[in-house]
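Given next are the chains, with one letter for each unit.
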Amino acid sequence: ETGVTQSPTHLIKTRGQQVTLRCSSQSGHNTVSWYQQALGQGPQFIFQYYREEENGRGNFPPRFSGLQFPNYSSELNVNALELDDSALYLCASSLVGGPSSDTQYFGPGTRLTVL
Amino acid sequence: GQQVMQIPQYQHVQEGEDFTTYCNSSTTLSNIQWYKQRPGGHPVFLIQLVKSGEVKKQKRLTFQFGEAKKNSSLHITATQTTDVGTYFCAGRETGRRALTFGSGTRLQVQP
């Protein structure tokens, strides 16, 4: 177990709604990244937060936004949900500046279904 | 943008046979990482390679990073049923935050 937790485990929403997913990082980690994993595909990088600021972003529209809190927990918000947003959303924490700073420790994920 | 391709997409082997998956990046990488995802699970970090031509071993698993730092491979010797899962490579371009994952190779092991 990595010590990274995510909530909720599963979620069903309808098109046009908004959703907030939550992540609690592994103790001592200062960076969190969010990924979207469609069925049968590899995880796709959404964005990364370091010291409460967005530190890098993948090819995702602005309706995907996030927050990182002082305790290094994080939220992913998605507005105006589309059917294609149905996927497993993975949070990964890491320790920038540590001996293995690139290693991503993934949480169990939130399965989002958009109807 | 950067693309990371993996082949094969799927491999079915008999227990005891060897298995290899290959990873190719469209750009030069600062490092490459390998992850394993069991069915219904989340990716779990296996290893990171940083140096050109680097080879690392973990028991029956051998990882290589190409000389040009654009390709990598994972070789499993004498597969076991516990090796079942999808193996992903993930590469990071120098100076970029994004870690780009390949599409994965799904390994099925027949007992």
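Residues numbered from 1 in each chain as written. Chains lettered and ligands numbered in written order. Predicted model: local features only at pLDDT ≥ 70, side-chain atom pairs only at ≥ 80, totals over all residues. Heavy atoms only, no water.

(A) Spatial organisation of the overall build of chain B. Summing up its helical and strand segments, chain B has zero helices and eleven strands in all. On C-alpha atoms alone, chain B measures out to a radius of gyration of 13 Å, which is about the 13 Å that the 2.2 N^0.38 rule sets for 111 residues. Projected onto its principal axes, the C-alpha coordinates of chain B cover approximately 45 × 25 × 20 Å. Going through the 111 residues of chain B one by one, you find that 50% of them count as buried. Of the contacts formed within chain B by residues at least 6 apart in sequence, a portion of 54% connects residues at least 24 apart. (Helix = DSSP H or I, 4+ residues; strand = E, 2+ residues; numbered from the N terminus. Rg over C-alpha atoms; globule rule 2.2 N^0.38 Å. Buried < 20%, exposed > 50% of the residue type's maximum accessible area, 1.4 Å probe, protein only. Contact = heavy atoms within 4.5 Å.)

(B) View of the overall build of chain A. When its secondary structure is counted, chain A shows zero helices and eleven strands. Listing every helix and strand of chain A by position from the N terminus yields β-β-β-β-β-β-β-β-β-β-β. For a compact globule of 115 residues, the expected C-alpha radius of gyration is about 13 Å, and chain A comes in at 13 Å, within 12% of that figure. Once the C-alpha set of chain A is aligned to its principal axes, its extents read approximately 40 × 25 × 25 Å. In chain A, buried positions account for 48% of the 115 residues. Here chain A contributes 7 positive and 9 negative side-chain charges, whose respective centroids are spaced 7 Å apart. (Lys, Arg positive; Asp, Glu negative; His and termini not counted. Charge placed at Lys NZ, Arg CZ, Asp CG, Glu CD.)

(C) Summary view of the state of the cysteines. Residue and element names in this part refer to chain B. This model, assessed by the stated rule, comprises two disulfides over all chains. At a sulfur-sulfur separation of 2.0 Å, the disulfide partner of Cys-23 is Cys-89. Here the S-S torsion is close to 80°, and the disulfide linking Cys-23 with Cys-89 is therefore right-handed. You can see Cys-23 sitting in strand β3 (residues 19–25) and its partner Cys-89 sitting in strand β9 (residues 85–92), a full 66 residues away along the chain. In this pair, the class of Cys-23 matches that of Cys-89, namely buried. (Disulfide = S-S within 2.5 Å.)

(D) Looking closely at the pairing of strand β8 (residues 71–76) of chain B. Residue and element names in this part refer to chain B. Bridge analysis of β3 against β8 gives six bridges, and the strand direction is antiparallel. Across the sheet, Phe-19 pairs through a bridge with Ile-76, a residue of β8. As paired elements, strand β7 (residues 61–65) and β8 share five bridges and run antiparallel to each other. Considered in β8, the bridge of Leu-61 is made with Ile-76. In sequence, β7 turns back onto β8 through a hairpin of five residues, with Lys-69 there showing a positive phi of about 55°. (Pairing = 2+ DSSP bridges.)

(E) Structural context of the sheet that holds β8(B). All names here are of chain B. Read across the open sheet, the five strands follow the order β1-β3-β8-β7-β6; overall the sheet is antiparallel. Two strands close off the open sheet at either side, each with one partner strand: β1 (4–7) and β6 (55–58). The mean inter-strand angle of the sheet, taken between neighbouring strand axes irrespective of direction, is 15°. Of the pairings in the sheet, the one linking β1 to β3 comprises four bridges and is antiparallel in character. Note on β3: the bridge partner recorded for Val-4 is Ser-25. (Axes fitted to C-alpha atoms, helices over the stretch in contact; angles between N-to-C directions.)

(F) The arrangement of the interface of chain A and chain B in detail. Between chain A and chain B, the contact holds 19 residues from the first and 16 residues from the second. Taken together, the two surfaces of chain A and chain B that pack against each other cover about 1400 Å², and 54% of this comes from carbon and sulfur. If you sort the residues of chain A by the area they bury against chain B, Pro43(A), Asp102(A) and Phe106(A) come out on top, with a joint share of 34%. Along the contact surface separating chain A from chain B lie zero salt bridges. Along the contact surface separating chain A from chain B lie three residue pairs in polar contact (both at pLDDT 80 or more). Within the residue set of the side of chain A that touches chain B, elements represented by two or more residues are β4 (31–37), β5 (44–50), β6 (53–57) and β9 (87–94) of chain A. Here the side of chain A that touches chain B is composed, by residue class, of seven nonpolar, eleven polar and one charged. (Buried area = accessible area lost by both parts, 1.4 Å probe. Salt bridge = Lys/Arg side-chain N within 4 Å of Asp/Glu carboxyl O. Polar contact = N/O pair within 3.5 Å; in protein donor to acceptor, adjacent residues only side chain to side chain. Nonpolar A, V, L, I, M, F, W, Y, C, P; charged D, E, K, R; others polar.)

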